[in-house]
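Summary of structural features
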Amino acid sequence: MQNKKVVITGGAGFIGSNLVDALVDNGFNVHVIDNFSGGKKENVNKKATLHVADIRNLDDISPIIDGAEYVFHLAALPRVQYSIENPVETNDVNIGGTLNVLIASQKGAVKRVVYSASSSAYGDQSKMPLREDMIANPKSPYGLHKYIGELYCKVWSMVHGLETVSLRYFNVYGKRQNPDGAYALVIGKFLKQKAQGKPMTITSDGNQTRDFTNIKDVVRANILAMQSKKIGAGEVINIGAGYNHSVNNVAELIGGETEYIDARIEPKDTLADTALAKKFLGWEPEISLKKGLSELI
Ligand SMILES: NC(=O)c1ccc[n+]([C@@H]2O[C@H](COP(=O)([O-])OP(=O)(O)OC[C@H]3O[C@@H](n4cnc5c(N)ncnc54)[C@H](O)[C@@H]3O)[C@@H](O)[C@H]2O)c1
């Protein structure tokens, strides 16, 4: 893989920085695009080339993406509540930024774009597990943005012949997860609260369930999605652990005091059907929540 150029947008963030580490270890020439709106400089592997740039600016990102073999597009403002409160800004980044990444990739003769999509596209569905052929039903601007990103990828494959694939992640957790802010994702937040001797704040009654997916499984899925010969036409593929836990159960596994707070606008349950990931990528989840949590703690 020596000298093969890859670009990771959002490479200073939680998932992106873990992917950067894996690609560096695999001998790629790794370039990161990030504006540090959510990510941090210290997350970025020293062997990667860091470009402080904003995906909303096509002129800035085009020369960076030009000539890359693969682009992993992760940059986003990925918070449900923030998207409700800031619909225009999040639309510009999550949809406008994705469009720019696709245009730059098409013009820069990129071989494939791997897009980080989200299970939030499903919203509430009448059946479980969630399958990729269900009709999307996003419940927030963020879910809508991520879904439109998938559609853009597919259209760019059809219209411009650019290879794309969308990976719909289900609640990712692990090293470098952001534990701060009212809208931080549950595991990072619980671990920080516990470390500070504070009660873990559970929204609603805590019976809502989530399919929690370990970062290492997500990174492996991205690398398989880069390589698989079975995809490239805008396929949408679930990346989830394939089993779910209630938020109460997560608190029990971590152990400690809890406190119940107001509900948020969020789906009641998520659970991934992972058959397509196995078929197209040869990917299966490997790390259980219990094992992943004990590693983190
Ligand atoms: N974490 C999850 O559970 C989860 C689940 C489903 C999908 N996703 C998707 O995975 C991707 C990565 O999520 P994450 O959890 O690592 O989030 P993150 O906030 O840690 O990472 C996003 C990165 O994008 C950067 N960014 C934001 N706006 C930018 C802009 N305009 N220009 C350049 N960089 C910009 C941020 O600085 C940050 O480093 C996102 O696209 C998100 O929608 C995440």
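Residues numbered from 1 in each chain as written. Predicted model: local features only at pLDDT ≥ 70, side-chain atom pairs only at ≥ 80, totals over all residues.

Moving on, we get to the site of the ligand. Surveying the vicinity of the ligand reveals 31 residues, the closest of which are Gly-10, Gly-13, Gly-38, Gly-39 and Ala-76. Of all the elements in the fold, those that place two or more residues in the shell around the ligand are helix H1 (14-25), strand E2 (29-34), helix H4 (87-107) and strand E5 (112-118). In terms of residue count, the dominant contributor to the shell around the ligand is H1 (three residues). Here the residues of the shell around the ligand sort into 15 nonpolar, twelve polar and four charged. (Near = placed C-beta within 6 Å. Helix = DSSP H or I, 4+ residues; strand = E, 2+ residues; numbered from the N terminus. Nonpolar A, V, L, I, M, F, W, Y, C, P; charged D, E, K, R; others polar.)

Further remarks concern the packing of helix H6 (residues 186-195) against helix H8 (residues 247-254). The relative placement of two packed helices comes down to the angle between their axes together with the axis-to-axis distance. Put simply, H6 and H8 touch, their axes get as near as 11 Å, and they point 40° apart. For the element pair H6 / H8, the angle class is oblique. Here H6 and H8 pass one another in a crossing that is right-handed. Within the contact between the two elements, H6 uses Val-186, Ile-187, Phe-190, Leu-191 and Lys-194 and H8 uses Val-247, Val-250, Ala-251 and Ile-254. (Axes fitted to C-alpha atoms, helices over the stretch in contact; angles between N-to-C directions. Parallel < 35°, antiparallel > 145°, perpendicular 65-115°, else oblique. Left-handed = near helix turned anticlockwise from the far one by under 90°. Contact = placed C-beta atoms within 7 Å.)

What follows concerns the domain arrangement of the protein chain. Size of an interface: often given as the accessible area lost when the parts come together. Assigned domains of the protein chain: these are domain 1 (5-171 + 213-241 + 272-281) and domain 2 (173-210 + 244-271 + 286-296). Here domain 1 and domain 2 have C-alpha centroids that lie 24 Å from each other. Contacts between the two partners involve 27 residues from domain 1 and, on the opposite side, 21 residues from domain 2. Mapped by element, the contributors of at least two residues to the side of domain 1 that touches domain 2 are H1, helix H3 (80-85) and helix H7 (215-227). Among the elements that line the side of domain 1 that touches domain 2, the one with the most residues is H3, at four residues. Residues belonging to the side of domain 1 that touches domain 2 are distributed by class as follows: twelve nonpolar, ten polar and five charged. (Domains from an automatic or database assignment.)

Note on placement: Pro-179 falls in the loop between strand E7 (172-173) and H6. A tally of 16 C-beta atoms within 10 Å means that Pro-179 is categorised as partly exposed. Separated by ten residues in sequence, Pro-179 and Lys-189 have C-alpha atoms that sit 4.5 Å apart. (Buried ≥ 20, exposed ≤ 12 C-beta atoms within 10 Å, placed from the backbone.)

Before going further, it helps to spend a moment on the nonpolar core. Grouped together as the largest cluster of nonpolar side chains are 78 residues, with contacts concentrated most on Val-6, Ile-8, Val-71, Val-113, Val-114 and Leu-167. If one sorts the elements of this core by residue count, H7 sits on top with six residues. Both domain 1 (5-171 + 213-241 + 272-281) and domain 2 (173-210 + 244-271 + 286-296) contribute no fewer than three residues apiece to this core. The residues touching Val-114, leaving out its near neighbours within four places in the chain, are Tyr-70, Phe-72, Val-165, Leu-167, Asn-222, Ala-225 and Met-226. (Core = buried A, V, L, I, M, F, W, Y, C linked by C-beta atoms within 7 Å.)

Of the positions making up H6, those classed as buried are Val-186, Ile-187, Phe-190 and Gln-193. Burial along H6 is one-sided: seen end-on, the buried residues are contained in an arc of 130°. Residues of H6 that are buried make contact with E7, strand E8 (200-203) and H8. Once H6 ends, the next one or two residues include Gly-197, with phi positive near 70°. (Arc of directions from axis to C-beta.)

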